[in-house]
Amino acid sequence: MDNNNPAARFFSGASYHNLKDYNKAIQDYNAVVRHNDNIFVEQAEWYSVMCLLKLDERDKALHQLQAIVMRKGFYQNKAELLLKQIRKQG
């Protein structure tokens, strides 16, 4: 795997995600986000939130969801709904 290739890192993260290895998935998703100049950034941010929630990292997930909402991208509406749902749960 080419560690500098954001597409490879995204799909590696997706593979780890499907294997329920959420920590490794987050590492790959974060690498995609840090690269920044690629088409997978928004997806990587969103799926990173899903992994954080599976790991019970609620505060980190909330922070990431707020950032997604602020960027007003593709996942904005889903992030807003999920934020409301999480906050309702207390």
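Up top is the structure these notes are about.
Residues numbered from 1 in each chain as written. Predicted model: local features only at pLDDT ≥ 70, side-chain atom pairs only at ≥ 80, totals over all residues. Heavy atoms only, no water.

1. So, the pattern of salt bridges
Tallied over the entire structure, the rule returns four salt bridges. We note a salt bridge from Arg71 to Glu45, for which the minimum N-O separation is 2.3 Å. Of this pair, Arg71 sits in helix 4 (residues 58–71) while Glu45 sits in helix 3 (residues 41–54), and the two are 26 residues apart along the sequence. The exposure class assigned to Glu45 is buried, which follows from its relative accessible area of 5%. (Salt bridge = Lys/Arg side-chain N within 4 Å of Asp/Glu carboxyl O. Helix = DSSP H or I, 4+ residues; strand = E, 2+ residues; numbered from the N terminus. Buried < 20%, exposed > 50% of the residue type's maximum accessible area, 1.4 Å probe, protein only.)

2. With respect to helix 2 (residues 22–35)
In this model, helix 2 (14 residues) spans 20 Å end to end at C-alpha, consistent with the 20 Å of a helix rising 1.5 Å per residue. Every buried residue of helix 2 is accounted for by Tyr22, Ala25, Ile26, Asp28, Tyr29, Ala31 and Val32. Buried residues belonging to helix 2 abut helix 1 (6–18) and helix 3. Positioned one or two residues after helix 2, Asn36 has a phi angle of 70°, which is positive. (Expected span 1.5 Å × (residues − 1). Contact = heavy atoms within 4.5 Å.)

3. Some remarks on the nonpolar core
Counting residues in hydrophobic clusters, the biggest one holds 23 residues, and the most contacted among them are Tyr29, Trp46 and Leu65. Contributing elements (two or more residues each) for this core: helix 1, helix 2, helix 3, helix 4 and helix 5 (76–89). (Core = buried A, V, L, I, M, F, W, Y, C linked by side-chain atoms within 4.5 Å.)

4. What about empty space enclosed by the protein?
What the rule picks out here adds up to one cavity of 30 Å³ or more. Taken as a whole, the largest cavity spans an internal volume of roughly 40 Å³. Looking at the largest cavity, the residues that line it are Glu42, Glu45, Ile68, Arg71, Gly73, Phe74 and Tyr75. Elements with a minimum of two residues in the lining of the largest cavity: helix 3 and helix 4. (1 Å grid on protein atoms, 1.4 Å probe; cavity = no way out; pocket = protein on both sides within 12 Å on 5 of 7 lines; lining within 4 Å. Points joined across faces, edges and corners; volume = space filled by probe spheres on them.)

5. With respect to the environment of Asn30
Checked against the element boundaries, Asn30 lands in helix 2. Under the relative-accessibility criterion, Asn30 is labelled partly exposed at 31%. Distance from Asn30 to Asn4, taken between C-alpha atoms, is 12 Å for residues 26 residues apart in sequence.

6. Comments concerning the packing of helix 4 against helix 5
At their nearest, the axes of helix 4 and helix 5 sit 8 Å apart, and the two run at 145° to each other. Judged by the twist between their axes, the crossing of helix 4 over helix 5 is left-handed. Of helix 5, the residues touching helix 4 (which contributes Arg58, Leu62, Leu65, Gln66, Ile68 and Val69) are Gln76, Ala79, Glu80, Leu82, Leu83, Ile86 and Arg87. Residue classes in the contact of helix 4 with helix 5 are distributed as eight nonpolar, two polar and three charged. (Axes fitted to C-alpha atoms, helices over the stretch in contact; angles between N-to-C directions. Left-handed = near helix turned anticlockwise from the far one by under 90°. Nonpolar A, V, L, I, M, F, W, Y, C, P; charged D, E, K, R; others polar.)

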